[in-house]
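Here is how the chains run, residue by residue.
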Amino acid sequence: MDWFYALIYGIVEGITEFLPISSTGHLILTGNLMGVPWSKEVKDAFEVVIQGGAILSVLVFYWRDFLKIRHVNTDPQQRTLWLGVVVACIPAVILGLLFGDAIKANLFRPSVVAWALIVGGVLMWLIESRRVTPSVSAIESIGVRRSFLIGALQCLALLWPGFSRSASSILGGMALGLDRATATKFSFYLGVPTLGGAALLNLIQERELIFGEIGLLNVVIGAGVSFVTAYLAIGWLLKFVSTNTFKGFAVYRVIVGILILILLATGVMSNGSLA
């Protein structure tokens, strides 16, 4: 059944990684509802691999845009954009190095994730309800200062597991004047260095466990499925936000958060540490 678990994990990761609904919360539900028999260490290592597949989908989806980085020395707009991406990643890197282990040890629990989903959903609804006319409609116009602030707000996902990196960066961008499409696209860009760096580091550290206990075939299945579903999810989300608000996601987050709390209250799910 390992190949089946790998397939389902890949689908869930690919769909939820870049949608503002928390991949962490959904992977928790997936593992518990399917009764995946893998150890905690194996689950963690496997999630790192399939996250890499989702990250690769961003590079492929925006390959033409990423190639423009070669013009940073001659194009002021490209220089500002990519400097903004780098600067936006700094808060997450610093907080991760300083408090990452403590956060995992004390906050990485299903109940914390559930409340993060619910609170994030409420905030999403409120921000959408009080939206003003956006002042930024192109990713090249975000600027370094605004990029840094979005990166700082992105850290909410690090400090509160389950809030969702995508949700915090998208909502942060919208609150700072970006339209939905631009905030969403910039969130995708931030995911590459932020998630990619963490995934690569963990892959190196856990390579023996990943390829030894999980197996190469399951790694290929999970990462491959994650790549394909994430690629499709990115395209769908960009089309969706061009004509819709995030209120539907807000309601969905609250429902999933409540479902996790119900599973905890009924004893179906344990509130033990996920780290």
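Points about the overall build of the protein chain
Next, step 1: Scanning the protein chain from N- to C-terminus turns up 13 helices and 0 strands.
Next, step 2: Its C-alpha atoms give the protein chain a radius of gyration of 18 Å, within 12% of the compact-globule value 19 Å for 275 residues.
Next, step 3: Buried positions account for 47% of the 275 residues belonging to the protein chain.
Next, step 4: When the accessible area of the protein chain is evaluated, it comes to approximately 12800 Å², of which 67% is carbon and sulfur surface.
Next, step 5: For the protein chain, the separation between the mean place of its 19 positive charges and that of its 15 negative charges on side chains is 12 Å.

Comments concerning the side chain of Thr184
Next, step 1: Summarising the element assignment, Thr184 is placed in helix α10 (residues 180–205).
Next, step 2: Take Thr184: its relative accessible area is 0%, and that puts it in the buried class.
Next, step 3: The residues contacting Thr184, other than those within four sequence positions of it, are Ile170, Leu237, Leu238, Val241 and Phe246.

Quick notes on a nonpolar patch on the surface
Next, step 1: Nonpolar side chains collect at one region of the surface, where Leu56, Leu59, Val60, Val228, Tyr231 and Leu232 lie side by side and expose about 490 Å² of accessible area between them.
Next, step 2: Elements with a contribution of two residues or more to the nonpolar patch: α3 (40–61) and α12 (216–241).
Next, step 3: Residue placement: Tyr231 occurs in helix α12.

Quick look at the environment of Ser23
Next, step 1: Inspection of the secondary structure assignment puts Ser23 in helix α2 (residues 23–34).
Next, step 2: Distance in space between the C-alpha atoms of Ser23 and Ala199 is 14 Å, their sequence separation being 176 residues.
Next, step 3: Not counting chain neighbours up to four residues away, the residues in contact with Ser23 comprise Glu13, Thr16 and Glu17.
Next, step 4: At a separation of 3.4 Å, a polar atom in the side chain of Ser23 contacts the side chain of Glu17.

Details of the confidence of the model for the protein chain
Next, step 1: For the protein chain, per-residue confidence averages 89 on the pLDDT scale, and 98% of positions sit at 70 or higher.
Next, step 2: Across the protein chain, helix α7 (residues 144–154) holds the top mean pLDDT of 95, while helix α11 (residues 207–214) sits lowest at 78.

What about helix α6 (residues 110–129)?
Next, step 1: Between its first and last C-alpha, α6 extends 29 Å over 20 residues, near the 28 Å set by a 1.5 Å rise per residue.
Next, step 2: Taken together, the buried positions of α6 are Pro110, Ser111, Val112, Val113, Ala114, Ala116, Leu117, Ile118, Gly120, Gly121, Met124 and Glu128.
Next, step 3: If you follow the buried residues of α6, they end up packed against α2, α5 (76–107), α9 (165–175), α10 and α13 (247–265).

Structural notes on the layout of surface pockets
Next, step 1: Here the second largest pocket is characterised by a volume of approximately 160 Å³.
Next, step 2: As for the second largest pocket, its lining consists of Val48, Val49, Gly52, Gly53, Ile55, Leu56, Leu59, Gly196, Ala199, Leu200 and Leu203.
Next, step 3: Listing elements by their share of the lining of the second largest pocket, those giving two or more residues are α3 and α10.
Next, step 4: Looking at the lining of the second largest pocket element by element, the count peaks at 7 residues for α3.
Next, step 5: In the lining of the second largest pocket, the residues fall into 8 nonpolar, 3 polar and no charged.

Comments concerning the packing of aromatic side chains
Next, step 1: The full count for this structure, using the stated rule, is 20 aromatic pairs.
Next, step 2: Aromatic side chains Phe66 and Trp82 sit 5.3 Å apart centroid to centroid with 45° between the ring planes, which places their arrangement in the tilted category. A residue pair is termed long-range when its members are at least 10 positions apart, and Phe66 in helix α4 (residues 63–67) and Trp82 in helix α5 qualify at 16 residues. Like Phe66, the residue Trp82 is buried in the burial classification.
Next, step 3: Ring centres 5.5 Å apart and planes at 75° place the aromatic pair Phe240 and Phe249 in the edge-to-face group.
Next, step 4: When its relative accessible area of 21% is taken as the criterion, Phe240 is described as partly exposed.
Next, step 5: Members of the aromatic cluster, connected to one another through ring pairs, are Phe18, Phe61, Tyr62, Phe66, Trp82, Phe188, Tyr189, Phe227 and Tyr231.
Next, step 6: Over the ring of Trp125 we find Lys247, and its NZ or CZ is 4.6 Å from the ring centre.

Notes on unusual backbone geometry
Next, step 1: The phi dihedral of Ser22 is positive, around 75°, even though this residue is not glycine.
Next, step 2: You can see Ser22 is positioned in the loop between α1 (2–16) and α2.
Next, step 3: Judged by relative accessible area, Ser22 falls into the buried class, the value being 2%.
Next, step 4: Of note, Ser164 is a non-glycine position whose phi angle comes to about 95°, a positive value.
Next, step 5: Within the secondary structure, Ser164 sits in the loop between α8 (156–159) and α9.
Next, step 6: Judged by relative accessible area, Ser164 falls into the buried class, the value being 8%.

Reading the values: the criteria
- For every chain, the first residue of the written sequence is number 1, and numbering continues from 1 onward in sequence order.
- Since the coordinates come from a predicted model, pLDDT governs what is reported: local features require at least 70, and pairs of side-chain atoms require 80 or more to be given and counted, while whole-chain, interface and lining totals use all residues.
- To obtain the side-chain values, all non-hydrogen atoms of the structure were included, while hydrogens and water were left out.
- Helical segments are the DSSP runs of H or I of at least four residues, strand segments are the runs of E of at least two, and each set is numbered from the N terminus.
- Values of the radius of gyration come from C-alpha atoms, whereas the globule rule sets the reference at 2.2 Å times the count of residues to the power 0.38.
- Under the scheme applied here, a residue whose accessible area is under 20% of the maximum for its type counts as buried, over 50% as exposed, and between as partly exposed, the area being computed with a 1.4 Å probe on protein chains only.
- Surface accessibility in these figures is a Shrake-Rupley result with a 1.4 Å probe; residues are shielded only by whichever protein chains are displayed.
- None of His or the chain ends enter the tally, which takes Lys and Arg as positive and Asp and Glu as negative.
- Taken as the charge centre is NZ of Lys, CZ of Arg, CG of Asp or CD of Glu, depending on the residue.
- Contacts are assigned to residue pairs with any non-hydrogen atoms lying within 4.5 Å of each other.
- Within this analysis, patches are made of residues with over 30% relative accessible area and no salt bridge. Like charges are joined at 9 Å or less; nonpolar side chains (Val, Leu, Ile, Met, Phe, Trp, Tyr) at 5 Å or less.
- Salt-bridge detection follows one rule: a side-chain nitrogen of Lys or Arg within 4 Å of a carboxyl oxygen of Asp or Glu.
- Whenever two N or O atoms come within 3.5 Å, that pair is a polar contact, provided that in protein one can donate a hydrogen and the other can accept it, and provided that, for residues adjacent in sequence, both atoms are side-chain atoms.
- The score called pLDDT rates the predictor's confidence residue by residue, from a low of 0 to a high of 100.
- Any helix carries an expected span of 1.5 Å times its number of residues minus one.
- Whether a set of points on the 1 Å grid over the protein atoms alone is a cavity depends on a 1.4 Å probe fitting there but being unable to get out, while an open set qualifies as a pocket with protein on both sides within 12 Å along at least five of seven lines; lining residues are those with an atom within 4 Å of a point.
- Grid points are joined across faces, edges and corners, and a volume is the space filled by probe spheres set on the points.
- All residues other than Ala, Val, Leu, Ile, Met, Phe, Trp, Tyr, Cys, Pro, Asp, Glu, Lys and Arg, Gly among them, are scored as polar; the first ten of these are nonpolar and the last four charged.
- Pairing of aromatic rings covers Phe, Tyr and Trp, the last counted by its six-membered ring, and requires centre-to-centre distances within 6.5 Å; plane angles under 30 degrees mean stacked, over 60 mean edge-to-face, and any other angle means tilted.
- In this scheme, the term charge over a ring applies when either NZ of a lysine or CZ of an arginine sits within 6 Å of the ring centre and within 35 degrees of the ring normal.

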